[in-house]
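A look at the structure
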Amino acid sequence: MTALLSVDKLGKEFGGVHAVEDLSFQVEKGRIHSIIGPNGAGKTTLFNLITGLYQPSSGSVHLNGRSLAGHQPHELAPLGMCRTFQNLQICMNMTALENVMLGRHRHLKQGTFTSLFKLPALRRADQQCREECAELMDFVGCGQYIKHHASAMPYGALKRLEIARALAASPDILLLDEPAAGLNRTETDALRDVIRRIADKGITVVLVEHDMKLVMSISDQVLVLCYGRKLAEGTPEEIRANPDVIDAYLGNRHSREEATA
Amino acid sequence: MSEAIPQSPSRVRATAKWPGLTVLAVVLLVLPFLAGNDYHYDLMIKIALTAGVAVGLNLLVGYAGQISLGHAAFYAAGAYGSALLVQQFELTPVPAMVLAAAGVAVLAWLVGKPILHLKGHYLSMATLGLGVIAAIVINNEDQLTGGPDGLPVAPLSLFGHELSVFGSYDLFGVAITGTQVWYGIAAGFLFLSVLFALNLIDSPLGRALRALHGSEIAAQVAGVDTGKFKLRVFVISAVYASLAGSLYGYYGGFITPNIASFTHSIELITIVVLGGMASTYGVILGTVILLLIPQFLTGFQELEMVLFGAILMVVMIFMPRGLVPTIARRFQKEAS
């Protein structure tokens, strides 16, 4: 078994509140691993712990066998990890394409003098980057906005733009924080295709999502969080059949119907 | 993946910067024909040098979103630094200017290094303090800097020619005055300032800077070490100020501690805010407006500070993007 990301006894307290507690799980390479749980279960906190925005109170996170302890957020892209945000983090002072090009940051030279003089090598690399990023925008399905300013784009397209930006870093593992939130059914179906195609490229996907239909139809593994603890883990079928999960999370009839739909 | 991809004209091109640069070059070349006397030249030279500083400051304030309230200190350090290097160490003016700029870069790095990885307005506070200290040092170290009485500066010499405003020179058979030569230097400085700024903004480095203004978290997740990048642009903008300060000293032949004053720093910030943050051509227009206003208000010189304050407030309330971006946006709306 090749665990790309392994989380070991991870814990985070906010002044006595255990947002995440004694949590261990592993994400295998090339899989789509979903994390679900009711509101306040600690999903986003977990993402922030993994991506270095928060420092854990206890436990550890390893990526490719390397500990991520004490890493600054900007040090994770070079290690092959990228993420999107539940609340969009788009640079509204830039064009859509420039936002994606930002994602390629770690692959481009940024010397002060090369930049001031705009040497031909830099110009060529930048043009190549521009074209690759335009293709990425096509890939996630917001190619029609290539010439637009980010501030002129609709919400659904911005969510895809964020995915394109994360992909531009050519990560080994991509963390998606509620990519379907605020999207309608058609947009969510299109998103499902995008996530599948990302996984087909060999990129490991960790998905936090409330949309059960999406999670159940796409995931290889599902981890259920409840009050910061692991409630269950397994394939979508196992999760559907797990009585604890049904009690705690899919408890009401409506959700259960949605999950089996 | 070995199949040949048909070469089609790319649908994504970098925005061309030559149209703007051509317009700037034409304006700079035409202006001398409109100048009637040396006073006009003097004003144009001062505007060009100040605009150069503002273009550099705009990289920090407009693009990277960091406020410096002490850029006059870097300007003064450049002016006094190069003047003293010539006077005390008998350097020739151009190496003195380069050396002063290097010194200012180190100074800016030392000031910025501990501060720029912090969030918030710490840079404003630190640069404010730096500006005040610079003014005090220049005023008090009078055996070296001449104190409040000012310091005479040796004229610039290029290729063995001393370039004094009072001289007269021969350019390929055309007789030109020293002021005209100096206009050429100042205009050239402004043009290069704009060229380098535009190059920088449209590079990966520039994108990282704009990104940390747009969303610092997004920039970090993309792998941008935001503190390091803020520091770099702070140093670059300080070097812009230093070079302009050196030229100003060589041009005027005399510098006073006024150039290090807090008022001067505020003037520079006002120019950037007025002309348009994140608009390189906008800040040139801002400089023109702000330096021309006092020409029509002679006799109210003590009200200058009040005027800057009023301009800052009005711009912030009615067009927070600044003059040029606001107007440009209005035209775009009408066009579409």
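First, a word on scope: everything that follows refers to the structure included in this document. (Residues numbered from 1 in each chain as written. Chains lettered and ligands numbered in written order. Predicted model: local features only at pLDDT ≥ 70, side-chain atom pairs only at ≥ 80, totals over all residues.)

Examining the overall build of chain B
Looking only at helices and strands, chain B features 14 helices and six strands. Taking 2.2 N^0.38 as the reference for a compact globule, 336 residues should give roughly 20 Å; the C-alpha atoms of chain B span a radius of gyration of 21 Å, in line with that estimate. In terms of overall dimensions, chain B has a C-alpha envelope of 65 × 50 × 50 Å along the principal axes. Looking at chain B as a whole, 46% of its 336 residues qualify as buried. Considering only contacts within chain B whose residues lie at least 6 apart along the sequence, 73% involve residues at least 24 apart. (Helix = DSSP H or I, 4+ residues; strand = E, 2+ residues; numbered from the N terminus. Rg over C-alpha atoms; globule rule 2.2 N^0.38 Å. Buried ≥ 20, exposed ≤ 12 C-beta atoms within 10 Å, placed from the backbone. Contact = placed C-beta atoms within 7 Å.)

Some points on the overall build of chain A
Regarding its fold elements, chain A presents ten helices and ten strands. Over its C-alpha atoms chain A spans a radius of gyration of 19 Å, differing by no more than 12% from the 18 Å that the globule rule assigns to 261 residues. Taken over the C-alpha atoms alone, chain A extends approximately 65 × 40 × 35 Å along its principal axes. Split into buried and exposed, the 261 residues of chain A put 46% on the buried side. Of all intrachain contacts in chain A linking residues separated by at least 6 positions in sequence, the fraction that spans at least 24 positions is 67%.

A few points about the interface of chain B and chain A
Residue-level contacts link 31 residues of chain B with 37 residues of chain A. When residues in the side of chain B that touches chain A are grouped by element, the largest group, nine residues, is from helix α8 (residues 204–214) of chain B. Within the side of chain B that touches chain A, the residues separate by chemical class into 16 nonpolar, ten polar and five charged. (Nonpolar A, V, L, I, M, F, W, Y, C, P; charged D, E, K, R; others polar.)

Quick word on the packing of helix α2 (residues 96–103) of chain A against helix α4 (residues 120–140) of chain A
Residues and elements named next belong to chain A. Contact geometry of α2 with α4 gives a least axis separation of 9 Å together with a crossing angle of 105 degrees. Comparing the axis directions of α2 and α4 gives the class roughly perpendicular. For the pair α2 and α4, the contacting residues are A96, L97, V100 and M101 in the first and C129, R130, C133, A134, L136 and M137 in the second. Here the residues of the contact of α2 with α4 are counted per class, giving nine nonpolar, no polar and one charged. (Axes fitted to C-alpha atoms, helices over the stretch in contact; angles between N-to-C directions. Parallel < 35°, antiparallel > 145°, perpendicular 65-115°, else oblique.)

Points about the pairing of strand β3 (residues 32–36) of chain A
If a strand is regular, its side chains alternate between the two faces of the sheet. Residue and element names in this part refer to chain A. For β3, the buried fraction is high: five of the five residues fall into the buried class. Residue alternation in β3 divides its side chains into two sets, I32, S34 and I36 and H33 and I35, and both sets are buried. Where β3 meets strand β8 (residues 204–208), four bridges bridge the pair, whose relative direction is parallel. Each residue of the ladder has a partner; that of I32, found in β8, is V205. (Pairing = 2+ DSSP bridges.)

Side note on the environment of A100 of chain B
Residue and element names in this part refer to chain B. Topologically, A100 is positioned in helix α4 (residues 93–112). Between the C-alpha atom of A100 and that of S82, which follows or precedes it by 18 residues, the distance is 5.4 Å. Sequence-distant contacts of A100, that is, excluding residues within four places in its chain, are made with A77, G78, G81, S82, L85, S242 and S246.

Here's the deal with the sheet that holds β8 of chain A
Residues and elements named next belong to chain A. Spatial ordering of the open sheet is given by β6-β7-β8-β3-β9-β10, a layout of six strands whose pairing is mixed. The open sheet has two edge strands, β6 (81–83) and β10 (229–234), and neither has a second partner. Taking the axes of each pair of neighbouring strands and ignoring which way they run, one obtains an average angle of 15 degrees across the sheet. Of the pairings in the sheet, the one linking β6 to strand β7 (residues 173–177) comprises three bridges and is parallel in character. Bridge pairing in β7 links C82 to L174. In the packing of helix α6 (residues 185–200) onto the sheet, the strands contacted are β3, β7 and β8, and the crossing angle to β8 comes to about 150 degrees.

Things to note about the environment of G11 of chain A
All names here are of chain A. Here G11 lies in strand β1 (residues 3–14). Residue G11 is classed as partly exposed on the basis of its 17 C-beta neighbours within 10 Å. With ten residues separating them along the chain, G11 and E21 place their C-alpha atoms 4.3 Å apart. Aside from chain neighbours lying at most four places away, what touches G11 is H18, V20, E21, D22, P56, S57, S58 and G59.

So, the environment of L91 of chain B
All names here are of chain B. One can find L91 in the loop between α3 (71–89) and α4. Separated by 56 residues in the primary sequence, L91 and A35 place their C-alpha atoms 34 Å from one another. Non-local contacts of L91, meaning those with residues more than four positions away in its chain, are made with L85, V86, A96 and L99.

Looking at the pairing of strand β5 (residues 174–177) of chain B
Sheet topology places strand β4 (residues 168–171) of chain B next to β5 of chain B; four bridges connect them, and they run antiparallel. By the bridge assignment for β5 of chain B, Y169 of chain B is matched with I176 of chain B.

Digging into the packing of helix α11 (residues 262–275) of chain B against helix α12 (residues 280–296) of chain B
Residue and element names in this part refer to chain B. It is the contact of α11 with α12, at a shortest axis distance of 7 Å, that shows an interaxial angle of 120 degrees. In terms of orientation, α11 lies oblique with respect to α12. By crossing handedness, the relation of α11 to α12 is classed as right-handed. Taken together, the residues of α12 that come into contact with α11 (itself represented by E267, T270, I271, V272, L274 and G275) are G282, V283, I284, L285, G286, T287, I289 and L290. Looking at side-chain class alone, the contact of α11 with α12 contains eight nonpolar, five polar and one charged residues. (Left-handed = near helix turned anticlockwise from the far one by under 90°.)

Topic: the sheet that holds strand β2 (residues 17–28) of chain A
All names here are of chain A. Pairing is antiparallel in the open sheet, where four strands are placed in the order β2-β1-β4-β5. Whereas interior strands pair on both sides, the edge strands pair on one side only; in this sheet they are β2 and β5 (66–67). As judged from the two bridges shared by strand β4 (residues 58–63) and β5, these two strands associate in the antiparallel manner. By the bridge assignment, L63 is partnered in β5 with R66. Contacting β1, β2 and β4, helix α1 (residues 43–50) crosses the sheet at an angle of about 65 degrees to β2.

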